[in-house]
Amino acid sequence: MVEQTEGTARIAVTGLATMGSNLARNLARHGYRVAVHNRTSARTTALIEQHGQEGDFVAAETMPELVAALAKPRQIIIMVKAGQPTDAVIDELVDLLEPGDMVIDGGNAQFADTRRREAALRERGLHFVGAGISGGEEGALNGPSIMPGGSKESYAHLGPVLESIAAKVDGQPCCVHVGPDGAGHFVKMVHNGIEYADMQLIAEAYDLLRRAGGLKPAEIAEVFRGWNSGDLESYLVEITAEVLGHVDAATGQPFVDVVADQAEQKGTGRWTVQEALELGIPVTGIAEAVFARALSGHVDQRVAVRDRLPGDVPSTVAVDGLVDDVRHALYASKVVAYAQGFDQIRAASQTYGWNIDLGAMATIWRGGCIIRARFLDRIREAYDGNPELPSLLVNDYFADAVEQAQQAWRRVVSTAVQAGVPVPGFSSALAYYDGLRSERLPAALVQGLRDFFGAHTYRRVDREGSFHTLWGADRSEIEA
Ligand SMILES: NC(=O)C1=CN([C@@H]2O[C@H](COP(=O)(O)OP(=O)(O)OC[C@H]3O[C@@H](n4cnc5c(N)ncnc54)[C@H](OP(=O)(O)O)[C@@H]3O)[C@@H](O)[C@H]2O)C=CC1
Ligand SMILES: O=C(CO)[C@H](O)[C@H](O)COP(=O)(O)O
């Protein structure tokens, strides 16, 4: 007897590359009947052949078959390339669905696309849920961090399923309803931006210890291994020790020396900076990380100018104390990068009316995702204790931590400058910190210059109103 599968699957996944196939397996392992589909059916066949025994799958060759396999209201997760491919899949799906059905985009979509898609599907009575999913291949299979947006109503159906397959920390799922329309994809985008900043800071710490401190990759691997049992404990610090300790089998060289020094990017870091510019939020750590990747990629330019740009620097600096100083600089700069990322989420939440709970975001990033780290517990406590915190940097715990790190942080930046080792992440984080704490900023002079050349006016510290100085005449001041 042929088993009846029509209308029985709890959820569907279309797009069965790395993320989609592992997410489908995760769902199946949690006892859900999962309908699976991929544009190129060879991937569907491979999934069933290799992992079909792990759970209850229904393989669909076509989109109509996929939709027919689902119980109502239907829930379909799209895990394909972001951008036009996602639109192509949505276009194929919508005519097959009925009001109340839910389309979930688990890819790294631009949040503005998610807002557009959510509005379009809402017009047709469908729910569109932009869900950020982080954790890579391993997380998708064993428990990712999930950041779903969309309507509360859709979350009521979908939330229990997503929470069951998400990573758990202290028994809590790393999944929560982030907010309406594009809120989930916005938070995932900032997550990735922080991921860029975090990796850039780690790379700078390695570079300094190697070029200024004279340590070998294997020695630096041990330094990171040690750091991973303190405040810096995190997935990225843990895997840094692994990557730096790895030796290339073909050459016997440290792996890091045989990899081309050109960092690539798919776009989420750049989007974070572009959106931060629109919101007017300085995310200097993320911006420096994006630009550092761009600089690394301009190989022809680097080769063309290298010999014409001398920099007489001491060979190495005393390693005594450097390791601990770099640890402090890394921690303080990391706190700044996270503070800036959370500021950006708050600003977007206000602009788009999302009402995002910052403490909850820190909670769901504690496990499953690439930036999971011990100190996210502290960030959660900080925002839970005061959701209106003007900056993470003024929470008592972080203010004390940064104060303790401060002298070391300054020594590290100055050592790097003296040694000619670029540390855009460390130095811009310190500049941001010094900017925030300055009683007076030179912005006053910028205003004076703008008024001089363009009559752009300025405000005064001692009176209300806008003013202009008659620079070309007698330099008297008029009210503008
Ligand atoms: N890889 C990772 O670590 C992470 C990825 N993501 C995001 O998850 C999503 C999936 O990522 P990943 O698994 O790496 O796969 P890819 O981003 O490499 O995308 C490959 C999948 O997209 C499908 N596809 C491409 N174009 C189309 C189209 N026009 N119509 C239908 N299907 C199409 C492919 O189908 P076919 O086999 O037929 O070519 C395949 O299933 C992406 O949005 C990615 O940004 C999120 C977190 C981590
Ligand atoms: O989404 C992710 C993790 O959550 C991916 O790691 C991210 O797409 C990697 O980005 P890039 O290729 O730009 O470094």
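Just so you know, these numbers come straight off a predicted model, no measurement behind them. (Residues numbered from 1 in each chain as written. Chains lettered and ligands numbered in written order. Predicted model: local features only at pLDDT ≥ 70, side-chain atom pairs only at ≥ 80, totals over all residues. Heavy atoms only, no water.)

1. Let's talk about the packing of helix α8 (residues 183-212) against helix α12 (residues 268-279)
- As a packed pair, α8 and α12 sit with axes 8 Å apart at the nearest point and diverge in direction by 110°. Of the possible angle classes, the one that applies to α8 and α12 is roughly perpendicular. Handedness of the α8/α12 crossing: left-handed. Only T268, G269, W271, T272, E275 and L279 of α12 make contact with α8, whose side of the interface consists of F186, M189, V190, N192, G193 and Y196. (Axes fitted to C-alpha atoms, helices over the stretch in contact; angles between N-to-C directions. Helix = DSSP H or I, 4+ residues; strand = E, 2+ residues; numbered from the N terminus. Parallel < 35°, antiparallel > 145°, perpendicular 65-115°, else oblique. Left-handed = near helix turned anticlockwise from the far one by under 90°. Contact = heavy atoms within 4.5 Å.)

2. Remarks on the domain arrangement of the protein chain
- The domain architecture assigned to the protein chain consists of domain 1 (11-177), domain 2 (188-437) and domain 3 (442-479).
- Look at where the C-alpha atoms of domain 1 and domain 3 centre, and you get two points 56 Å apart. (Domains from an automatic or database assignment.)

3. Remarks on the pairing of strand β2 (residues 34-37)
- Of the two faces of β2, the one carrying V34 and V36 and the one carrying A35 and H37 are both buried.
- Note: strand β1 (residues 11-14) against β2, four bridges, orientation parallel. Bridge pairing in β2 links A12 to A35.
- Between β1 and its parallel partner β2, the chain crosses via helix α1 (residues 18-29), and the hand of that crossover is right-handed.
- Where β2 and strand β3 (residues 57-59) come together, three bridges link them in parallel fashion. Considered in β3, the bridge of A35 is made with V58.
- Between the parallel pair β2 and β3, the chain is carried across by helix α2 (residues 41-51), and the sense of this crossover is right-handed. (Buried < 20%, exposed > 50% of the residue type's maximum accessible area, 1.4 Å probe, protein only. Pairing = 2+ DSSP bridges. Right-handed = clockwise from strand over helix to strand, strands pointing away.)

4. Structural notes on the pairing of strand β7 (residues 145-148)
- The alternating pattern of β7 places S145 and M147 and I146 and P148 on opposite faces, both of which are buried.
- Sheet topology note: the strand β6 (residues 127-134)/β7 ladder contains four bridges and is antiparallel. Among the inter-strand pairings, S134 is bridged to a residue of β7, identified as S145.

5. Here we look at helix α7 (residues 152-165)
- With 14 residues, α7 should cover 20 Å at 1.5 Å per step; its first-to-last C-alpha distance of 19 Å lies within 8% of that length.
- When we look at burial in α7, the residues that qualify are S154, Y155, L158, G159, V161, L162 and I165. (Expected span 1.5 Å × (residues − 1).)

6. Things to note about a positive patch on the surface
- Judged by side-chain charge, R39, R43, K81 and K266 come together as a positively charged surface patch.
- Position of K81 among the secondary structure elements: in the loop between β4 (75-78) and α4 (84-94). (Patch = residues over 30% accessible without salt bridge, like charges linked within 9 Å, V, L, I, M, F, W, Y side chains within 5 Å. Areas by Shrake-Rupley, 256 points an atom, 1.4 Å probe, with all protein chains shown as cover. Salt bridge = Lys/Arg side-chain N within 4 Å of Asp/Glu carboxyl O. Lys, Arg positive; Asp, Glu negative; His and termini not counted. Charge placed at Lys NZ, Arg CZ, Asp CG, Glu CD.)

7. As for the UniProt feature "active site" (unreviewed entry) in the protein chain
- As annotated by UniProt and renumbered to match this structure, "active site" (unreviewed entry) occupies K188 and E195.
- Tracing the backbone through its elements, the reader meets K188 in helix α8.
- Overall, the relative accessible area of 4% leaves K188 in the buried class.
- Relative to the elements of secondary structure, E195 occurs in helix α8.
- Not counting residues within four places of it along the chain, the set of residues in contact with E195 comprises L236, I370 and I371. (UniProt positions renumbered as here; feature names shortened; annotations may be inferred.)

8. Here's the deal with the sheet that holds β6
- Taking strand neighbours across the sheet as the criterion, the seven strands line up as β3-β2-β1-β4-β5-β6-β7 in an open arrangement whose pairing is mixed. Edge positions in the open sheet fall to β3 and β7, since each of these has one partner strand only. On average, each strand axis in the sheet is inclined to that of its neighbour by 25°, with strand direction left out of account.
- Contacts from helix α5 (residues 111-123) reach β5 (102-105) and β6, with the element oriented near 150° to β6.

9. Re the site of ligand 2
- Residues in close proximity to ligand 2 include N108, S134, K188, H191, N192, E195, Y196, Q265, K266, G267, R293 and I370, which together make up its full environment.
- At a separation of 2.8 Å, an oxygen atom of ligand 2 approaches a polar side-chain atom of K188.
- Y196 is positioned with one of its side-chain polar atoms (N or O) 2.5 Å from an oxygen atom of ligand 2.
- Protein contact buries 79% of the 380 Å² of open area that ligand 2 shows by itself.
- Of all the elements, α8 adds the most residues to the shell around ligand 2, at five residues.
- Taken together, the residues that form the shell around ligand 2 break down as two nonpolar, six polar and four charged. (Near = heavy atom within 4 Å. Polar contact = N/O pair within 3.5 Å; in protein donor to acceptor, adjacent residues only side chain to side chain. Nonpolar A, V, L, I, M, F, W, Y, C, P; charged D, E, K, R; others polar.)

10. A few points about the site of ligand 1
- By nearness alone, 20 residues border ligand 1, and M19, N38, R39, T40 and R43 come closest of all.
- Take M19: an N or O atom from its main chain is 2.8 Å from an oxygen atom of ligand 1.
- Contact with the protein chains covers 78% of the free accessible surface of ligand 1, which is 890 Å².
- Every element with two or more residues in the shell around ligand 1 is listed here: α1 and α4.
- Of the residues contributing to the shell around ligand 1, the split by class is nine nonpolar, seven polar and four charged.

11. Things to note about unusual backbone geometry
- Residue P73 follows K72 across a cis peptide bond; omega there is -5°.
- With respect to the helices and strands, P73 occurs in the loop between α3 (63-68) and β4.
- Positive phi outside glycine occurs at D181, with the angle close to 30°.
- For D181, the position within the fold is in the loop between β9 (172-173) and α8.

12. Remarks on the confidence of the model for the protein chain
- Scored by pLDDT, the protein chain comes out at a mean of 96, with 98% of its residues at no less than 70.
- Across the assembled chains, the prediction reports ipTM 0.98 with pTM 0.96. (pLDDT = per-residue confidence, 0-100.)

13. A closer look at the packing of aromatic side chains
- Following the criterion strictly, the structure yields 15 aromatic pairs and no others.
- Ring geometry for Y338 against F375: centres 4.7 Å apart, planes inclined by 80°, an arrangement best described as edge-to-face. You can see Y338 sitting in helix α15 (residues 322-352) and its partner F375 sitting in the loop between α16 (358-364) and α17 (376-385), a full 37 residues away along the chain.
- Judged by relative accessible area, F375 falls into the buried class, the value being 2%. (Phe/Tyr/Trp six-rings, centres within 6.5 Å; stacked < 30°, edge-to-face > 60°.)

14. Considering the state of the cysteines
- Scanning the model with the defined rule gives zero disulfides in all.
- The thiol of C175 is not disulfide-bonded; the next cysteine sulfur, from C174, is found 8.9 Å away.
- Owing to a relative accessible area of 3%, C175 belongs among the buried residues under this scheme. (Disulfide = S-S within 2.5 Å.)

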